[in-house]
Amino acid sequence: MHALRHDILPPSGVEFATTLKLTPSTATGFSSQETGPRVLSNVVVARSNLLRIFEVWEQPRQISTLIEDERERRADVRRGTEAVEGEVEMDEGGEGWVNMGSVKATARKDPSMVTRFHFVREHTLHGTVTGMESVRIMSTYEDQLDRLLVSFKDAKIALLEWSEAAHDLVTISIHTYERAPQMVSLDSPLFKTELRADPLSRCAALSLPKDAFAILPFFQTQAELDTMEQEQNHARDVPYSPSFVLDLFNDVDARIRNVVDFVFLPGYTNPTVAVLCQSEQTWAGRLKEYRDTARLYIFTLDVMSRNYPIITAVDGLPYDSISLLPCATSLGGVIIITSNSLIYVDQAARRVALPVNGWASRVSDMPMPPADKDLELSLEGSRLVFVDEKTFFVIRRDGMIHPVEIVLDGRTVSKLVLLPVIVQTTIPAVARLLNEDLVFVGSMVGPSVLMKTAREEVPLEQSSQQATTTSILPDSMDLDDDDDDLYGDSKAVAQTTVGVASGAGATTRTRSVIHLSLCDSLPAYGPIADMTFSLAKSGERYVPELVAATGSGHLGGFTLFQRDLPTHTKRKLHVLGGARGIWSLPVRQSHRVNGLSYEKATSPFAAEIDTIIISTDANPSPGVSRIATRTAKTDVAIPTRIPGTTIGAAPFFQRTTILHVMTNAIRVLEPDGNERQIIKDMDGSLPRAKIKSCSICDPFVFILREDDSIGLFIGETERGKIRRKDMSPMGDKSSRYIAGSFFTDTIGLFDVKATETTPAAGHSDKNTSTLQAAVAAGNRSQWLVLVRPQGVMEIWSLPKLTLVFSNTALSTLENTLVDSCDPPALSLPQDPPRKPQELDVDQILIAPLGETSLVPHLFVFMRSGNMAIYEASPALPPAELPGPPPSNPRTSFLKVKFHKVMSKTFEIQRTEETEKTVLAEHKKISRIFVPFVTSPNTECTLTGVFFTGDRPCWVIGTDKGGLRVVPSGHSVVHAFTACSLWESKGDFLVYSDEGPTLLAWAPDVLLDSCLPYRSVPRSRAYSNVVFEQSASLIVAASSFQAPFASYDDDGNIVWEPDGSGVSFPLADCSTLELISPEHWVTMDGYEFAPNEFVNSLACVSLETISTETGSKDFIAVGTTISRGEDLAVKGATYIFEVVEVVSDSNWAPRRWYKLKLRVRDDAKGPVTAVCGINGYLVSSMGQKIFVRALDLDERLVGVAFLDVGIYVSSLRSLKNLLLIGDIAKSVWLVAFQEDPYKLVVLAKDVRRRCATTVDFFFTGGDLAIASEDGEGILRLFAYDPSDPESRGGQHLLCRTEFHGHKECRSTIMIARRTKDEQFIPQAKLVSGFTDGSLSTLTPVDEAVFKRLQLLQGQLTRSVQHTAGLNPKAHRIVRNDAVSKPLSKYVLDGQLLGTFQDLAISRQNEITRQIGTDRALVLRDWSSLIVPW
């Protein structure tokens, strides 16, 4: 059986991060925009196989349009009565609390500047990232840019740099150590490599198994390079010398064994490494024999002589030492983090300890001061980061931030001072200092935050209280409900302070106070623990919604994914029509008072609100156009109807008139619909071909006729009329064009380089022909983009038509479009007329995309169904490029290039174009790009493009997610416009298969990922979630930590805390919650014992006498009861029923439900998995499987059992077949027989493998069994009794092994219905992983599979992969039982997805080599990648 494994959602969160100057804008400090922000640095983050690059921008604060509207409404507030800063802060606190110090500190800074993340690029790699570092090589001194060093799970290091030509990362080199002797051992897959770099970039080190480092030295000076060239034949352009493997045991010291962590130390002449190791391993139960077994060794690396002298050795460190943090050069030494203390060690082996709980002195004999009585901290999972030379933050695993001060006595460290918690932030995975005042905290389980620190010197008396109390807004410290305000997109900036005594020799003692404020965050939802499908309403229809239990701790909750952008319908507007087009326009109305006419003045803060809607239909012939306005009752009135079809409409003459383009005329209309001027589109007295499309950009009008001829008109503000514009600079007036549109550049990216013969650029010519153009010339530039039939794209400047950009590579959708410097091309009419070609450009548009910063993008749609989107970026003019100068008559050059950022293929159903009937015109589907600006909420304004037609989609750009193409969910959209007629900036008017509808986006939808999603924070994590179909409710098991106490047989407590700083241990516990998915309120719940937690949760159909049908859905729960390490665990099985109760009229959900416990059945072992089969309950207990029936709705009666493996991880049923997944005994296929009752083992996998999830996977008459293990290996098993290897069907045959490199926690089997509808649909598996990614396993027909498998081989060999990684090796599973890898029957969707992004010429070249067609492969691919 053949299948495709495809990721539909990338990993979420940040595991590794580094800060560097990677892109050229960080070296110059400014972005490409004229009024652009200041670029501080780059932040590169990685999680699993996803690498993302951000720029950190400092830019002016933007005021949203809704805030502007509110400002206008409150304009009558008397001057002098506005709230001052302190009053605002007091109101937010709610208790009259004002921190005047914070107010003064923020007042000194520029409050109009904010620091934000800006997305640059992302790459999905064919490898799992295990570390990232910034390095500087010799070429850094030329371009002032750092290089990126990335390490991977299979012991590889890639050196990457930014290429401005490709506008992307390119690979300098790849260094592999997978064949090193240390990697050959059987346990090497369990080892996680770590990467560290020397602060001066002299070398980098990668940890390997068996206590070894791979050392990669870098050249820093020309002298080093010359020396290396003399010693050996070394290539001059290589920035590094040969790497080598350093065996610590043999080459450094025999006592260095079991390395825990290592870091490079700053301030040394040679690279110096501190290694934390544990030569004799121990654990808590062995502390009487072995304690303080950790050791610290500091040695230097002399790369040239291969000499490694130890300069410091420290023994007797606590056994629970976790990691190292290097100190600044002025201090020297390292900070050692242990579970219970912080230890500073200097170069002289002197140790200074700071215990954080009472356990520190009990597990270690190292001398340390006593811990504070009230201090009970735990440092496991903590991250440390220095904010200055003597202060570092300890960010605990619950997000609490403790400042720690290093106190000096002379030049020697005397003590460490732990200050109280100042704020709670995200759960940390990595912490980095970006510059002097910016701290980045990355999280794998939730949002990652960027915080700013600011210091202020205040008198000691004033700050004495601030040193011991937090000065944060009181409501922000609520740990349950309002934590998201600290790391989410919150308006309130949390000001926190921490005190540091300084100025000992000064006359006035002062104290340094640190203010901590939130700048920005990267949204993330974290690992997926479990998931289920529920029903959600989008518009007028119900759609499937994937409910995933995500996050951890106080960042836990639910994340709701939908395939399409969720919307809700506001009203139906059938009276409008609009099957051929809808335009909602803001036109200023003239008012008459006492016979005088004047225009109503508008506030400078007020955004334009739409006033009229123009709609058009093709039927009845020759079409009808309507002009509609809004009446006082919010209804729509249509005062004007015009015969004929409208091609386009837009406000004109500073939004005082309407420019109306019909099939044979261009008209200027008054705001009330009366005609001011009409220009018939005639050639003398002869009629021209019909106008098929137009583009309107005040004061210019562009029309394109059906015979591919064009017309250009310009408006004259003085006369209020339009006239034809001279097009002689563009060549012969009969030239043919196939697409064109205008673009207005408001950010200053489009800049023209003029030669000496033309000192003024075309668009800034002084002799502008109209007053409107003269007004516009100061702050914006206008451009005309045209495409000629031979595929030449040209950009002309306005108002003086000057060719500034020409490119011939658009017809094949090349990855980069640069100015070819050609003169205007010839495109005279042909005889006979030219027929449309497959690779003709059908639509072209340049429009801005973005959130707080707009970037122009080029949108291209071809007749073949290919859509490509290019991002514009600044480029050097041809005269400044290396090489001979171009010789051509061109005088102006546009300093812009375009890089392809997205490709998508649409299936085109093309009808015969021989006869054009009324019916054919009615069935015609127009595919056009429609720009829009929307404000879905007060915090956000998005600029995007909507693509109409069948499979319509939104194209949206966000600050932190880049460009996203999201399906709209409609089967077809004929017309679209953003509409603010009802005074809402988030409304859209759409004519779809449901007719004309006013709709808006669902609230709180996030668009920074591949699927639109909504987060439901619950301040607690959930381990299991199911959907109860009968009541349409969610049942979820939440996960907590509760104090655990052990008791003897008489009920006496065995141990209780017997000292200060010592507390009970924590154990897992759970509660069951019944949740309404409509309002996300908890209706009811069930609390288990403090030592009992839920393993499995399922909705099962059981036989019952309480219903007419004889069956009913129940909630089955399997639990584990912990009893301490000396006693075996027990378990229990629960059966709950969801019952409806009488609701209160004040409650939000009108219908109210509760959980009713029907059965509690104790078990001798843990109940790890439950499911239903034919009306019976199947549950595991230890090493047994039981099948039980529900008797009288009050007890479970066993009917069959089976002895199975060691620990059952999952159960799945299909009819009377049962799949059993075991943590050690792999997969069993069992049949359930009812007469007589028994379980029969049909087949099982005889090899020792782990199976965390198992599922049936079938299509047509083929059945396979899919299983995943803890390492992320997908295996497909076949049950084939006719195969001799199966021993008569007793053994399951492993057909395929596919390495996913991430652990799967939950899978769902859904139906996949193809066009040729089958009686039994295909099965499709959706899997959720611990890194937050989602993937699908889709059946593939054999013919399609053969094509795609050949394509996969070609892509592996002939495409340059990021970081030089090998996609084929990435998916191979090591299996010593077979001669060659079993990777034949599963396709790699990540690799095949790169085919769609290639240029058309490259696609044709690759498909020609495998004997197939490009269009056929793209059609196969687009049919397989639908999420669900």
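What counts, and where the lines are drawn
All residue numbers here refer to positions counted from 1 along the written sequence of the relevant chain. Since the coordinates come from a predicted model, pLDDT governs what is reported: local features require at least 70, and pairs of side-chain atoms require 80 or more to be given and counted, while whole-chain, interface and lining totals use all residues. Side-chain metrics in this entry use all non-hydrogen atoms of the structure; hydrogen atoms and water are not considered. In this description a helix means any DSSP run of H or I spanning at least four residues, a strand means any run of E spanning at least two, and both kinds are numbered starting from the N terminus. Exposed residues in this analysis have more than 50% of their type's maximum accessible area, buried residues have under 20%, and partly exposed residues fall in between, with area computed by a 1.4 Å probe over protein chains only. Any two residues having at least one pair of non-hydrogen atoms within 4.5 Å are treated as being in contact. Here the Shrake-Rupley method, with its probe set to 1.4 Å, supplies the accessible areas, and only the displayed protein chains count as covering residues. Arc definition: directions from the helix axis to the C-beta atoms. Pairs of strands are assigned from DSSP output, requiring at least two bridges between the strands. Fitted lines through C-alpha atoms give the axes, limited to the stretch in contact for helices. The angle between two N-to-C directions lies from 0 to 180 degrees. The working definition used for a salt bridge is a side-chain nitrogen of Lys or Arg within 4 Å of a carboxyl oxygen of Asp or Glu. Each pair of aromatic rings taken from Phe, Tyr and Trp, with Trp reduced to its six-membered ring, is defined by centres within 6.5 Å and is described as stacked if the planes are under 30 degrees apart, edge-to-face if over 60, and tilted in the remaining cases. Two conditions define a charge located above a ring, namely a distance within 6 Å from the ring centre to NZ of Lys or CZ of Arg, and an angle within 35 degrees of the ring normal. Only protein atoms enter the 1 Å grid used here, on which a cavity is any set of points holding a 1.4 Å probe that cannot leave and a pocket is any open set flanked by protein within 12 Å on both sides along at least five of seven lines; residues with an atom within 4 Å of a point are listed as lining. Grid points are joined across faces, edges and corners, and a volume is the space filled by probe spheres set on the points. When residue character is reported, Ala, Val, Leu, Ile, Met, Phe, Trp, Tyr, Cys and Pro are called nonpolar, Asp, Glu, Lys and Arg charged, and the others, Gly included, polar. Any angle from 65 to 115 degrees is called roughly perpendicular, while one under 35 is roughly parallel, one over 145 is roughly antiparallel, and all others are oblique. Should the near helix be turned anticlockwise from the far one by less than a right angle, the crossing is termed left-handed; should it be turned clockwise, right-handed. Each residue after the first adds 1.5 Å to the expected span of a helix. Patch membership requires more than 30% relative accessible area and the absence of a salt bridge. Residues of like charge join within 9 Å; the nonpolar side chains Val, Leu, Ile, Met, Phe, Trp and Tyr join within 5 Å. In this charge count, Lys and Arg are treated as positive and Asp and Glu as negative; neither His nor the chain ends contribute. In protein, a polar contact requires one atom able to donate a hydrogen and another able to accept it; more generally it is a pair of N or O atoms within 3.5 Å, and residues adjacent in sequence count only if both atoms are side-chain atoms. Per-residue confidence from the prediction method is given by pLDDT, with values spanning 0 to 100.

Moving on, we get to the overall build of the protein. Check the secondary structure of the protein and you find 17 helices and 95 strands. Buried residues in the protein amount to 56% of all 1428 residues. Pairs at least 24 apart in sequence give 59% of the contacts found in the protein among residues at least 6 apart. When the accessible surface of the protein is totalled, it reaches about 61300 Å², and 50% of it is carbon and sulfur.

Looking at helix α16 (residues 1400–1409), one finds that the buried residues are I1400, Q1403, I1406 and T1407. Projected onto a plane normal to the axis of α16, the buried residues spread over an arc of 125° and lie on a single side. On the buried face of α16, the contacting elements are β59 (854–862), α13 (1342–1358), α15 (1389–1396) and α17 (1414–1424). Just beyond α16, the residue with positive phi is G1411, at close to 70°.

Quick look at the sheet that holds strand β48 (residues 691–697) now. An order of β48-β49-β50-β51 is seen for the four strands of this open sheet, with the pairing classed as antiparallel. Since the sheet does not close on itself, it has two edges, and those belong to β48 and β51 (721–724), each with one partner. Along the sheet, successive strands turn relative to each other by an average axial angle of 25°, direction set aside. With six bridges joining them, β48 and strand β49 (residues 700–705) adopt antiparallel strand pairing.

In total, this model carries 64 salt bridges according to the counting rule given. Across the pair R1158 and E1137 runs a salt bridge whose closest N-O atoms are separated by 2.6 Å. Residue R1158 is found in strand β79 (residues 1152–1163), and its partner E1137 is found in strand β78 (residues 1130–1141); the two are separated by 21 residues along the sequence. A cluster of three or more residues bridged by salt bridges with shared partners is formed by D681, D683, R688, R705 and R724.

Scanning all chains against the criterion turns up 45 aromatic pairs. Each ring, one from Y525 and one from F561, has its centre 5.3 Å from the other, and the planes form 75°; the classification is edge-to-face. In this pair, Y525 sits in the loop between β31 (510–522) and β32 (528–538) while F561 sits in strand β34 (residues 557–561), placing the two residues 36 residues apart along the sequence. Residues Y525 and F561 agree in their burial class; the two are buried. Where W954 meets W1001, the ring centres are 5.4 Å apart and the plane angle is 80°; that geometry is what we call edge-to-face. You can see W954 sitting in strand β66 (residues 953–958) and its partner W1001 sitting in strand β70 (residues 995–1001), a full 47 residues away along the chain. Grouping residues by exposure puts W954 and W1001 together as buried. Taken together, the aromatic side chains of F932, F946, W954, F976, F988 and W1001 make up a single cluster linked through ring pairs. Over the face of the ring belonging to W359 we find R362, whose NZ or CZ atom lies 5.5 Å from the ring centre. Directly above the ring of F1329 sits K1302, whose terminal nitrogen or CZ lies 5.2 Å from the centroid.

Let us now look at empty space enclosed by the protein. Tallying each qualifying case throughout the model produces ten cavities of 30 Å³ or more. Size it by volume and the largest cavity reaches roughly 170 Å³. When its residues are assigned to classes, the lining of the largest cavity shows eight nonpolar, three polar and five charged. Estimated volume of the second largest cavity: approximately 110 Å³. Of all the secondary structure elements, the ones that give two or more residues to the lining of the second largest cavity are β1 (3–9), α14 (1367–1371) and α15. Broken down by element, the residue count for the lining of the second largest cavity peaks at three residues, all from β1. Classifying every residue of the lining of the second largest cavity by side-chain character gives one nonpolar, nine polar and five charged.

This brings us to the packing of α15 against α17. Following both chains from N to C, one finds α15 and α17 inclined at 135°, their axes separated by 11 Å at the closest point. Classified by the angle their axes make, α15 and α17 are oblique. In the crossing of α15 with α17, the sense of the turn from one axis to the other is left-handed. Residues G1389, L1392, G1393, F1395 and Q1396 of α15 form the contact with α17, whose participating residues are R1414, V1417, L1418 and W1421. Taken together, the residues of the contact of α15 with α17 sort by class into five nonpolar, three polar and one charged.

Here the focus is the packing of α16 against α17. Two elements in contact, α16 and α17, have axes whose closest approach is 9 Å; the angle formed by their N-to-C orientations is 95°. Considering the angle they form, α16 stands roughly perpendicular to α17. Packed against α16, whose contacting residues are I1400, Q1403, N1404 and T1407, the element α17 presents R1414, V1417 and L1418 at the interface. Taken together, the residues of the contact of α16 with α17 sort by class into three nonpolar, three polar and one charged.

Within the secondary structure, G1261 sits in the loop between β88 (1253–1259) and β89 (1262–1268). In this structure, the C-alpha to C-alpha distance between G1261 and Q1322, residues 61 residues apart in sequence, is 9.9 Å.

With that out of the way, let us pick up unusual backbone geometry. In this model, L798 is joined to P799 through a cis peptide bond whose omega is 5°. The omega torsion of the bond from D1235 to P1236 falls at -5°, within 30 degrees of zero and hence cis. A positive phi angle, near 50°, is found at D292, a position not held by glycine. Relative to the helices and strands, D292 is located in the loop between β15 (272–278) and β16 (294–300).

A separate point is the sheet that holds strand β14 (residues 259–265). Spatially, the four strands line up as an open sheet ordered β14-β15-β16-β17, and their pairing is antiparallel. Across the chains shown, the open sheet's two edge strands, defined by having one partner strand only, are β14 and β17 (310–317). Between one strand axis and the next, the sheet turns through 15° on average, direction left out of account. Summarising the sheet, β14 and β15 pair through six bridges and their orientation is antiparallel. Its bridge partner being in β15, D261 is matched across the sheet by L276.

Let us now look at α13. Given a rise of 1.5 Å per residue, 17 residues ought to cover 24 Å, and the 24 Å separating the end C-alpha atoms of α13 matches this to within 8%. Looking at α13, one finds that the buried residues are V1344, F1345, L1348, L1351, Q1352, G1353, Q1354 and L1355. Lining the buried residues of α13 we find β1, β95 (1386–1388), α15, α16 and α17.

Together, W359, V1054 and W1055 make up a nonpolar patch on the protein surface, roughly 270 Å² of accessible area in all. Assignment of secondary structure puts W1055 in the loop between β73 (1033–1043) and β74 (1066–1076).

Looking at the element boundaries, K725 is found in the loop between β51 and β52 (739–745). Buried K725, no salt bridge; nearest opposite-charge side chain is D726, N-O distance 7.2 Å. Looking at K725, its side chain comes within polar contact range of the main-chain oxygen of P799, at 2.8 Å. Setting aside chain neighbours within four positions, we find K725 in contact with F700, L712, F713, I714, P799 and L801.

Here we come to the confidence of the model for the protein. In the predicted model, the protein carries a mean pLDDT of 85, and the fraction of residues at 70 or more is 86%. Below a pLDDT of 50 lies the segment residues 592–598, which in the model reaches seven contacts outside its immediate sequence neighbourhood of four places, other chains included.

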